Amino acid sequence: MLMGKNERNDQKGSAILNEKDAFSNRREPLGRRPMSPGRALCLGFLALILLGGLLLTLPAASAGGESIGFLKGLFTATSAVCVTGLSLIEAGRDLSLFGQIVLLCLIQVGGLGFMAFATLGMVLIGRRISLHSRILLSESMNQNGLSGMVRLSLWFFAMALAIELTGAALLAVRLVPRYGTARGLWLSLFTAVSAFCNAGFDLFGNGSSLLLTPGFIDSHVHVLGGGGEGGFANRTPEATLEGLTKFGVTTVVGCLGTDGIGRDMCSLVAKTKGLNEQGMSAYCYTGSYQIPVHTLTDSITKDIMMIQEIIGTGEIAISDHRSSQPTFEEFARVVADTRLGGVLSGKAGIVNVHLGDSPRCMDLIERVIDETEIPASQLLPTHVNRNEMLFCKAIEYALKGGAVDFTGNEDIDYWETICDEVRVCKGMKRMLEAGVNPNRMTISSDGQGSLPMYSKDGEFLGMGVGQSSCLLKEVKECVFKADIPLEIALSTITSNPAEILRLKGKGKIEEGYDADLCILDQDLQLVEVIARGKTVYTK
């Protein structure tokens, strides 16, 4: 008797179901009875979770090199295999690359099923898929029949791989330019797999342990390079966008130093414009160490009025053997012309004053304040921590309302052994204890400038190079060594220079201000830097 096609298929499906039931219900002698599919799947997942927990507990899986603890490892492994997304850690912060790879494997196996992976492995090595394995595979994939289960699982793998790789490729378009090739591709792959498996894990973190600050302002950088005081071979290199932003600097104020001939105002303004076009904010001073001031136009006032990037004059050197030894009248005229340019243009019109190590210290500045109508707000003396005698004078000046600029130093441990330079964190602590307004203190790097060393007779001994990296280093020392509140320490490289130099839209995180931001971790290490709304550095 002939049967219809549907009737034959129904009988075939019934036979397969009966075979599964018979396999599950048949009695075997004790010790030889096959484990039920449900129990086998549960034990398999348990074994996978325990293995994953142990691997995540290893010190090699931790970003800090110390175990995260078995309970955290076990919880994370359970969450990854069961794709719940719950976690006691931040995978991107707390796990090393090895730990992240383990986590990704747990997510993938948990999302697709460990029996499906076991089947794929057996197919790849050419082993025959047993009836018991087919039943387990059918149970894990919630299928009623056994026919075509291997093909179905392989097709499922192929589709999953295609979707995950497509997602990773699309994410890479955005993440690779932002994080670099290696990290960008890894973030793309991890995110795509986690999203496809609905795992809820990511490597970006929730930001709960991070600190958002305004972008740093380095108010004294020799953007064209400095040096030359030991001959042409000692000229230092120019500043670069990457060299500034990787240290958190999103706003820079350029200046010329000792050499106002080999480097001139035309080149300085051009360099400043170039940094602006590259994506950061850049300003500059007109002039150099010398008086009369070598301007771009025919006067200081006109430079400040008519050239957008110029905000004042500097760095004018006093009390230094490299200065032009200006008289009081010459110095006062420079300050007056600078102030007038600021008044007419709405800019700071400030004079950045280089202080040398002469016993005369700040005498010209003090005379301008005492003998003319020019307010102290028009002057910003820098290098005030050069030596103890000068620093004591700076405290007196700051107590009268004057602003002072500390010069950061990456190698202060060395310099303290050869001179009496005042460490920034110690100097700030002393000023605060003396009653100085914390809003009148700034820190700059003297970046790219030469740090020449001279003998007592004025003989050149050698040269170092200033680095913008010292800004954050000095802030850390203020917080961790001198117990200065973080908000006060940070203000010296954010809101204070922005206010003193009248840099509009800078120094604060508020509506209407520029999107210049730094993201720091709990150790005050830079994680990400954003300049004018675009990411320019990531850790």
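## As for the pairing of strand S5 (residues 310–318)
Then, number 1: Of all 9 residues in S5, 9 are buried, a share of seventy percent or more.
Then, number 2: Across 3 bridges, the pairing between strand S4 (residues 281–286) and S5 is parallel. In the sheet register, Thr286 faces S5, and the bridge partner there is Thr313.
Then, number 3: Note that the unit made of S5, helix H13 (residues 328–345) and strand S6 (residues 350–355) has a crossover that is right-handed.

## Quick word on unusual backbone geometry
Then, number 1: Look at the link from Ile291 to Pro292: it is a cis peptide, with omega at 5°.
Then, number 2: Within the secondary structure layout, Pro292 lies in the loop between S4 and helix H12 (300–306).
Then, number 3: Geometrically, the link from Gly314 to Glu315 is a cis peptide bond, its omega value of -10° lying close to zero.
Then, number 4: Looking at where Glu315 falls in the secondary structure, it is placed in strand S5.
Then, number 5: Although it is not a glycine, Gln448 adopts a positive phi angle of roughly 65°.
Then, number 6: Topologically, Gln448 is positioned in the loop between strand S9 (441–444) and strand S10 (450–454).
Then, number 7: Of note in the backbone geometry, Leu524 takes a positive phi value of approximately 65° without being a glycine.
Then, number 8: Looking at the element boundaries, Leu524 is found in the loop between strand S12 (517–520) and strand S13 (526–531).

## Here we look at the sheet that holds strand S14 (residues 534–538)
Then, number 1: Spatially, the 4 strands line up as an open sheet ordered S1-S12-S13-S14, and their pairing is antiparallel. Looking at which strands have only one partner, the edges of the open sheet turn out to be strand S1 (211–214) and S14. If you compare each strand with its neighbour and ignore which way they point, the axes differ by 20° on average.

Conventions used here
- Each residue is numbered by its place in its chain's sequence as written, counting from 1.
- Note on the predicted model: pLDDT of at least 70 is required for a residue's local features to be given, and 80 or more for side-chain atom pairs to be given and counted; whole-chain, interface and lining totals, by contrast, use all residues.
- The basis for every side-chain value is the complete set of heavy atoms in the structure, and neither hydrogens nor water enter the calculation.
- Buried, partly exposed and exposed residues are distinguished by accessible area as a fraction of the type maximum, computed with a 1.4 Å probe on protein chains only: under 20%, between the cut-offs, and over 50%, respectively.
- Helix numbers and strand numbers start at the N terminus; a helix is a DSSP run of H or I with at least 4 residues, a strand a run of E with at least 2.
- Pairing between two strands requires that DSSP report at least two bridges joining them.
- When the strands point away from the viewer, a crossover counts as right-handed if the path from the first strand over the helix to the second runs clockwise.
- Every angle, taken between N-to-C directions, lies between 0 and 180 degrees, and every axis is a line fitted to C-alpha atoms, over only the stretch in contact when it is a helix.

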